[in-house]
Amino acid sequence: MSHLTKSLSAFILLLSLAFGSLMAQEPTPDAELEAPHDKKVSLSLEARGDYQRIYLGSQADKAGSGFKGNIANVILSGTLSPKFSYLYRQRLSSVNLDRTFFESIDFLYLQYNPTEQLSVKLGKWIVFVGGWEFEPAPIDVFQLGEFCYQMPAYQWGATVSYTLPNGQDNLHAQVIQSPYRKVYEGMSGQPADMYAYNLIWTAHHDWFVPMWSVNFMEYAPGRFMNYVSLGNRFQLTRRTFIDLDLMHRAPLDGEGKKAFADYSIYGQLAFHPTTQTKLYLKGSYDQNLSGLAADYGVTDGTQIACLGGGVEYSPIPEVRLHAHANYAFGTNTNPQAVLHDKRTQINVGVTWRMKVL
């Protein structure tokens, strides 16, 4: 029996056992992670470790396989006054020779609420691009589409949010450092002052939970990529939902640009058979046939798909076990790509979260 067959058999066994077990609370998406308004200080620690096997065709990727310490986070949050709050989350696992101290910080912001409906965040937060594929925190991610893997998701800037009087619709406006500034500097060898301008609508209307955005991101000084991203969550039942994200990308100044030449589609079907178990299937397709070099995430000539699924099980609220497998196929021209043709990933692991204060 090949190593690939043995690993797949082990994954199927774990998946089968989880069907008979009792659903972890759905982790809080990054966009909804807020400082508590009733505590001066709240301190939490969380970590995740995995055993992973990666194959490119029938050949094992030895560098990417084995036991891995995935993520270790410290989260500090609280209130300074009734109108001011703060949030700080740092990935301790990222503090190394490749990333500076501040680059390893996901969140470091001060939030001001002049009214109950209006808030202003100043500091480091998520680059707000509509779509449910972007929303899970890194510790909760087991599979992404190629565009999401290439998006530096946390940047410095300002975000203004307003909740409409109905309490169901939220409008957000964001000015933030361009996530492609470092890519451009690496390619050009020149420092650059580049920004992104994002408009977002989020809402919760019974069974329909949209997250739509229009984004303008500098990929070179004074030159912008436009994203129209339509994230849609359909709550079919109390225990079942479907995500369907559609994203179209095009440079504002691209000569000869074609409609729907550069786009991504992401989907997920999730089912919670019990309060401790989550079962899910995921898929993604990223394409760029624009003939242009403006998209650094999904490079020209790419047509890559990824299909996968897995199970999450929490024996207690503070501990989550997971098993996940996915398979990618197609063409990816990005030299820094994560997804490659005939790439198989099998991942099992454990996540724990602890409240200190």
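Whatever comes next refers back to the structure up there.
Residues numbered from 1 in each chain as written. Predicted model: local features only at pLDDT ≥ 70, side-chain atom pairs only at ≥ 80, totals over all residues. Heavy atoms only, no water.

Asks: Could you give me a rundown of empty space enclosed by the protein, with the residues and numbers involved?
Replies: Of the pockets and cavities examined, the second largest cavity occupies roughly 40 Å³. Around the second largest cavity, the lining residues are Tyr109, Lys121, Leu122, Gly123, Trp125, Gly157, Ala158, Thr159, Gln174, Val175 and Ile176. At the level of secondary structure, the elements contributing two or more residues to the lining of the second largest cavity comprise β6 (118–126), β7 (154–163) and β8 (169–177). The dominant element in the lining of the second largest cavity, judged by the number of residues it contributes, is β6, at four residues. In terms of residue class, the lining of the second largest cavity is built from six nonpolar, four polar and one charged. (1 Å grid on protein atoms, 1.4 Å probe; cavity = no way out; pocket = protein on both sides within 12 Å on 5 of 7 lines; lining within 4 Å. Points joined across faces, edges and corners; volume = space filled by probe spheres on them. Helix = DSSP H or I, 4+ residues; strand = E, 2+ residues; numbered from the N terminus. Nonpolar A, V, L, I, M, F, W, Y, C, P; charged D, E, K, R; others polar.)

Asks: Pulling in residues and values, what's your account of unusual backbone geometry?
Replies: For Phe260, which is not glycine, the phi dihedral falls at a positive 60 degrees. With respect to the helices and strands, the residue Phe260 is situated in the loop between β12 (240–251) and β13 (262–271). Its relative accessible area of 61% is what places Phe260 among the exposed residues. At Lys342, a position not held by glycine, the phi torsion is positive, near 60 degrees. Within the element layout of this structure, Lys342 appears in the loop between β16 (319–331) and β17 (343–355). Its relative accessible area of 46% is what places Lys342 among the partly exposed residues. (Buried < 20%, exposed > 50% of the residue type's maximum accessible area, 1.4 Å probe, protein only.)

Asks: Any chance you could break down a nonpolar patch on the surface for me, citing the residues and the numbers?
Replies: A cluster of nonpolar residues, Val41, Trp352, Met354, Val356 and Leu357, forms a patch on the protein surface that exposes about 450 Å² of accessible area. Among the secondary structure elements, Val41 is positioned in the loop between α1 (3–19) and β1 (42–56). (Patch = residues over 30% accessible without salt bridge, like charges linked within 9 Å, V, L, I, M, F, W, Y side chains within 5 Å. Areas by Shrake-Rupley, 256 points an atom, 1.4 Å probe, with all protein chains shown as cover. Salt bridge = Lys/Arg side-chain N within 4 Å of Asp/Glu carboxyl O.)

Asks: Go over the side chain of Gln111 with me, naming the residues and quoting the values.
Replies: Structurally, the position occupied by Gln111 is in strand β5 (residues 105–112). In this structure the side chain of Gln111 is engaged in a polar contact, spanning 3.0 Å, whose partner is the side chain of Asn113. (Polar contact = N/O pair within 3.5 Å; in protein donor to acceptor, adjacent residues only side chain to side chain.)

Asks: Now, about the pairing of strand β15 (residues 302–316): what can you tell me, with residues and values included?
Replies: Taken together, the twelve bridges between strand β14 (residues 277–288) and β15 define a ladder with antiparallel strand orientation. Looking across to β15, one finds that Lys282 is bridged to Gly308. Taken together, the twelve bridges between β15 and β16 define a ladder with antiparallel strand orientation. The residue bridging Ile316 from the neighbouring strand is Val319, located in β16. (Pairing = 2+ DSSP bridges.)

Asks: Residues and numbers for the packing of aromatic side chains, please.
Replies: Counted by the stated rule, this structure contains 17 aromatic pairs. Residues Trp125 and Phe128 carry aromatic rings whose centres are separated by 5.5 Å and whose planes lie at 85 degrees to one another, so their mutual orientation is edge-to-face. For the ring pair Tyr180 and Tyr296, a centre distance of 5.8 Å and an interplane angle of 85 degrees mean the geometry is edge-to-face. A residue pair is termed long-range when its members are at least 10 positions apart, and Tyr180 in the loop between β8 and α3 (181–188) and Tyr296 in the loop between β14 and β15 qualify at 116 residues. Its relative accessible area of 2% is what places Tyr180 among the buried residues. Take Tyr296: its relative accessible area is 14%, and that puts it in the buried class. Among the aromatic side chains, those forming a connected cluster through ring pairs are Phe107, Tyr109 and Tyr154. The positively charged end of Arg233 is found above the aromatic ring belonging to Phe241, 4.0 Å away from the centroid. (Phe/Tyr/Trp six-rings, centres within 6.5 Å; stacked < 30°, edge-to-face > 60°. Lys NZ or Arg CZ within 6 Å of the ring centre and 35° of its normal.)

Asks: Pulling in residues and values, what's your account of the pairing of strand β11 (residues 223–235)?
Replies: Note that strand β10 (residues 208–220) and β11 share twelve bridges and pair antiparallel. Within β11, the position partnered with Trp212 by the bridge is Leu230. In textbook terms, the turn of a hairpin is the stretch between consecutive antiparallel strands, and for β10 and β11 this stretch comprises two residues, one of which, Gly222, has a positive phi near 80 degrees. Strand direction decides the pairing type here: β11 and β12, joined by eleven bridges, are antiparallel. Bridge pairing links Leu230 to Leu246 in β12.

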